[in-house]
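Structural characterization, general
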Amino acid sequence: MQFKDRHRQDIASSEEPDNLLDIHLSQDELQEINSECMHYPERRAAAIEALKIVQHYRGWVSDPVLFAVARELGMPAGELEGVATFYNLIYRKPVGKHVILVCDSVCCWLKEGHLIGAFIADRLKIEPGQTTEDGLFTLLPTVCLGDCDHAPTMMIDHHHYQDLSCEMVDKLLQLYRDEEIPEGDM
Ligand code: FES
């Protein structure tokens, strides 16, 4: 059984152990989740949005936080874990300050996007899926980012960058290190 599947099964069968009851969502998180729920006939339908809200505040979604969100939505934690696992922009492990998502789908491959991913890994001295020692960057391969006509592409946090070259990537990484974050494509 894969680690991810085993973890999901543990969550699904768990009875909400005591240490998972310690976490309470902040007033801001609760307010945003409740306001999101008002758009849906059932609270559980806001599951993805609720996970995105807590991730925005906390950087990632730990098990205790996942249980707390499930309680707020009135749904089983195992079901919410299934949603979190399906949606690949919900992080279930700690990530760096900036998450780099390099497109790993066909149009980008045809434009040598895999070389961009390898270049970033080499520059940051990490493997895909890892975080740099200084906690600044996490590198993740991802499915199509919807910018296929401008392959190869990547996202850093919420910003899309298109028609990438190694030179552009180098420049972008330095801008993020310097906290001079460009708003979009360069
Ligand atoms: S295949 Fe890379 S953006 Fe679509």
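Bear in mind the structure is a predicted one, so any value in this text is a computation, not a measurement.

Turning our eyes to something else, we now look at the overall build of the chain. A count of helices and strands for the chain gives eight helices and four strands. Listing every helix and strand of the chain by position from the N terminus yields α-α-α-α-α-β-α-α-β-β-β-α. When each of the 186 residues of the chain is scored for burial, the buried share is 29%. Here the analysis covers contacts within the chain between residues at least 6 apart in sequence; of these, 61% occur between residues at least 24 apart.

Moving on: the sheet that holds strand β2 (residues 137-142). Taken together, the four strands give an open sheet; going across it, the order is β2-β1-β3-β4, and neighbouring strands pair in mixed fashion. With partners counted over all chains shown, the strands left at the sheet margins are β2 and β4 (159-161), one partner each. Strand-to-strand, the axes of this sheet are offset by a mean angle of 20 degrees, without reference to chain direction. The pairing of strand β1 (residues 98-103) with strand β3 (residues 154-156) spans three bridges and is classified as antiparallel. Residue pairing for β3: Val-102 is matched across the bridge by Met-154. Against the sheet, helix α7 (residues 113-124) engages β1, β2 and β3, with an angle of about 150 degrees to β1.

Quick look at the packing of helix α3 (residues 47-58) against helix α4 (residues 63-73) now. To characterise two packed helices, one gives the angle between the axes of the helices and the distance between these axes. Between α3 and α4, the least distance of the axes is 11 Å, while the angle of their chain directions is 140 degrees. Comparing the axis directions of α3 and α4 gives the class oblique. In this structure, α3 meets α4 at a crossing whose hand is right-handed. In this structure, α3 contributes Ala-47, Ala-50, Leu-51, Val-54 and Arg-58 to the contact, and α4 contributes Val-65, Val-69, Glu-72 and Leu-73. Residue composition of the contact of α3 with α4, grouped by class: seven nonpolar, no polar and two charged.

The N-to-C vectors of α4 and helix α5 (residues 77-86) enclose an angle of 110 degrees; their axes lie 9 Å apart at closest approach. By the angle between their axes, α4 is roughly perpendicular relative to α5. Here α4 runs over α5; the crossing is right-handed. Here Leu-66, Phe-67, Val-69, Ala-70 and Leu-73 of α4 lie close against α5, whose contacting residues are Ala-77, Leu-80, Glu-81 and Ala-84. Residue classes in the contact of α4 with α5 are distributed as eight nonpolar, no polar and one charged.

A few words on α4. Looking only at α4, the buried set comprises Val-65, Leu-66, Phe-67, Ala-68, Val-69, Ala-70 and Leu-73. Packed against the buried residues of α4 are α3 and α5. Backbone geometry just after α4 places Gly-74 at a positive phi near 65 degrees.

Next up on the list: the pairing of β1. For β1, a buried count of six out of six residues is recorded, marking the element as mostly surrounded by other parts of the structure. Here β1 shows two buried faces, one formed by His-98, Ile-100 and Val-102 and the other by Val-99, Leu-101 and Cys-103.

Confidence in the prediction for the chain averages 88 pLDDT; 87% of positions are at 70 or higher. Element-level mean pLDDT values for the chain span from 42 in helix α1 (residues 3-13) up to 97 in helix α2 (residues 27-37). Confidence drops under a pLDDT of 50 for residues 1-14, and excluding neighbours within four residues, the segment shows twelve contacts in the predicted structure.

Conventions used here
Residues numbered from 1 in each chain as written. Predicted model: local features only at pLDDT ≥ 70, side-chain atom pairs only at ≥ 80, totals over all residues. Helix = DSSP H or I, 4+ residues; strand = E, 2+ residues; numbered from the N terminus. Buried ≥ 20, exposed ≤ 12 C-beta atoms within 10 Å, placed from the backbone. Contact = placed C-beta atoms within 7 Å. Pairing = 2+ DSSP bridges. Axes fitted to C-alpha atoms, helices over the stretch in contact; angles between N-to-C directions. Parallel < 35°, antiparallel > 145°, perpendicular 65-115°, else oblique. Left-handed = near helix turned anticlockwise from the far one by under 90°. Nonpolar A, V, L, I, M, F, W, Y, C, P; charged D, E, K, R; others polar. pLDDT = per-residue confidence, 0-100.

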